[in-house]
Amino acid sequence: MSETLKRLSAEGVSVWLDDISRERLRTGNLEQLVRERNVVGVTSNPTIFAKALGKGSAYDEQVRDLAVRGVDVEEAVRAITTYDIRWGCDVLRPVYDRTEGLDGRVSIEVDPRLARETEKTVAEARALWWMVDRPNLMIKIPATVEGLPAITAALAEGISVNVTLIFSLERYGQVIDAFFAGLEQARANGLDLSKISSVASFFVSRVDTEIDKRLDKIGTAEAAELRSKAGVANARLAYALYEEKFGSDRWQALKDAGARPQRPLWASTGVKDPNLPDTLYVDELIAPGTVNTMPEATLEAAADHAEVRGNTVQGAYDEARAHMRALKDVGVDYDDVVRVLEDEGVEKFEASWSELLGTIRRELADKAAGGGGA
């Protein structure tokens, strides 16, 4: 087991893997990462599934059966993805039991084409919750304006939620309020709040990518000095907001009723710029009560050489605020940045979903025609 990741976990950071595939499950690799890399959770998204379906033969048998049954492509996608997620939940179940439900969570995303439709998102969340039927499941709902009431509605029914695609501090505050409202309704509905879990996935590297692009366009020495620091600064200020919101009387009432806080989850933690340290978004975002979900390359880099030097968030709020002010001073429009990132995030997941549908459509047609292996 990696001593570095053990120290990271000891600082209160839950290490989750941002990947899942039938091959990873079938070979026992996920179990190995739980044993050797302190992995205590798994996240997935449409891009991850599109990649998994696009290579290897792990899905052939199930796809052939679906083709024989004449299942349409939409239903086939649900059958294939929920199979992997259910299996992942079973692998992580001992972690879930050991941590009394804090970790051992596996996330699946609602159809991203529904990101702007509240009622359909809630219906899809219910369907996925029912299909996977595991207590350690989380349903990923995007933090669009239309997603906020869906988050509240799902939580009110006892569905654990991973809120995804959070970029702005303002929207993060709204996500926490939606979480509070959902738990308040769940309490009114007589549900056990201790069984309901949530994380808020605050994206990091994409913020640097978009802001660095704008800084490069500005082209001044002052702008160059500000490169590749906004993602960390933004996330640190999100943690400050988390502390503020979860220090409120409103939260205390829910906590007294048995609720657990909605933990900040650092997402998009693989560096996009090869000139940056590959563990940047691990080293600089160490704080208690957080989750860091890592692509495997980042996980292995962190296991090998992450710098675990204690809490790197709570003492850096003033520095983070100063950085965000400096960005504004050189002409970076934060509100426009986060709007673009949210729109692009939804579009990218929609594109991956379309790719996934296309892959499965072709596979179904091939198997129905008698192609494919055993």
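Residues numbered from 1 in each chain as written. Predicted model: local features only at pLDDT ≥ 70, side-chain atom pairs only at ≥ 80, totals over all residues. Heavy atoms only, no water.

A.B. asks: So what's going on with the overall build of the chain? Which residues, and what values?
C.D. replies: The helix and strand inventory of the chain stands at 17 helices and eight strands. Principal-axis analysis of the C-alpha atoms gives the chain an extent of 65 × 50 × 45 Å. Out of the 374 residues in the chain, the part that is buried amounts to 58%. A total of about 15,500 Å² of accessible surface is found on the chain, and carbon and sulfur atoms cover 48% of it. Charge-centre separation for the chain: the mean point of 47 positive side chains lies 2 Å from the mean point of 62 negative side chains. (Helix = DSSP H or I, 4+ residues; strand = E, 2+ residues; numbered from the N terminus. Buried < 20%, exposed > 50% of the residue type's maximum accessible area, 1.4 Å probe, protein only. Areas by Shrake-Rupley, 256 points an atom, 1.4 Å probe, with all protein chains shown as cover. Lys, Arg positive; Asp, Glu negative; His and termini not counted. Charge placed at Lys NZ, Arg CZ, Asp CG, Glu CD.)

A.B. asks: Can you explain the UniProt feature "active site" (unreviewed entry) in the chain? Please cite residues and give values.
C.D. replies: Within the UniProt annotation, "active site" (unreviewed entry) is assigned to Lys140. Within the element layout of this structure, lysine 140 appears in strand 4 (residues 137-142). Judged by relative accessible area, lysine 140 falls into the buried class, the value being 5%. Setting aside residues up to four positions removed in sequence, lysine 140 forms contacts with Thr43, Ser44, Asn45, Ser107, Ile108, Glu109, Val110, Asn162 and Thr164. At 2.9 Å, the side chain of lysine 140 forms a polar contact with the backbone oxygen of serine 44. (UniProt positions renumbered as here; feature names shortened; annotations may be inferred. Contact = heavy atoms within 4.5 Å. Polar contact = N/O pair within 3.5 Å; in protein donor to acceptor, adjacent residues only side chain to side chain.)

A.B. asks: Requested: an account of the nonpolar core, with residues and values cited.
C.D. replies: Formed by 126 residues in total, the largest nonpolar core has its most connected members in Leu8, Ile85, Ile139, Ile141, Tyr172 and Ile360. Apart from residues no more than four positions distant in its own chain, isoleucine 139 is found in contact with Ile108, Val110, Ala125, Leu128, Trp129, Ile159, Ser160, Val161 and Asn162. (Core = buried A, V, L, I, M, F, W, Y, C linked by side-chain atoms within 4.5 Å.)

A.B. asks: I'd like a description of the pairing of strand 4, backed by residues and values.
C.D. replies: For strand 4, the buried fraction is high: six of the six residues fall into the buried class. Of the two faces of strand 4, both are covered, the one formed by Leu137, Ile139 and Ile141 as well as the one formed by Met138, Lys140 and Pro142. Note: strand 3 (residues 105-109) against strand 4, four bridges, orientation parallel. Bridge pairing in strand 4 links valine 106 to leucine 137. Both strand 4 and strand 5 (residues 161-166) contribute to a ladder of four bridges, which runs parallel. Note on strand 5: the bridge partner recorded for lysine 140 is asparagine 162. (Pairing = 2+ DSSP bridges.)

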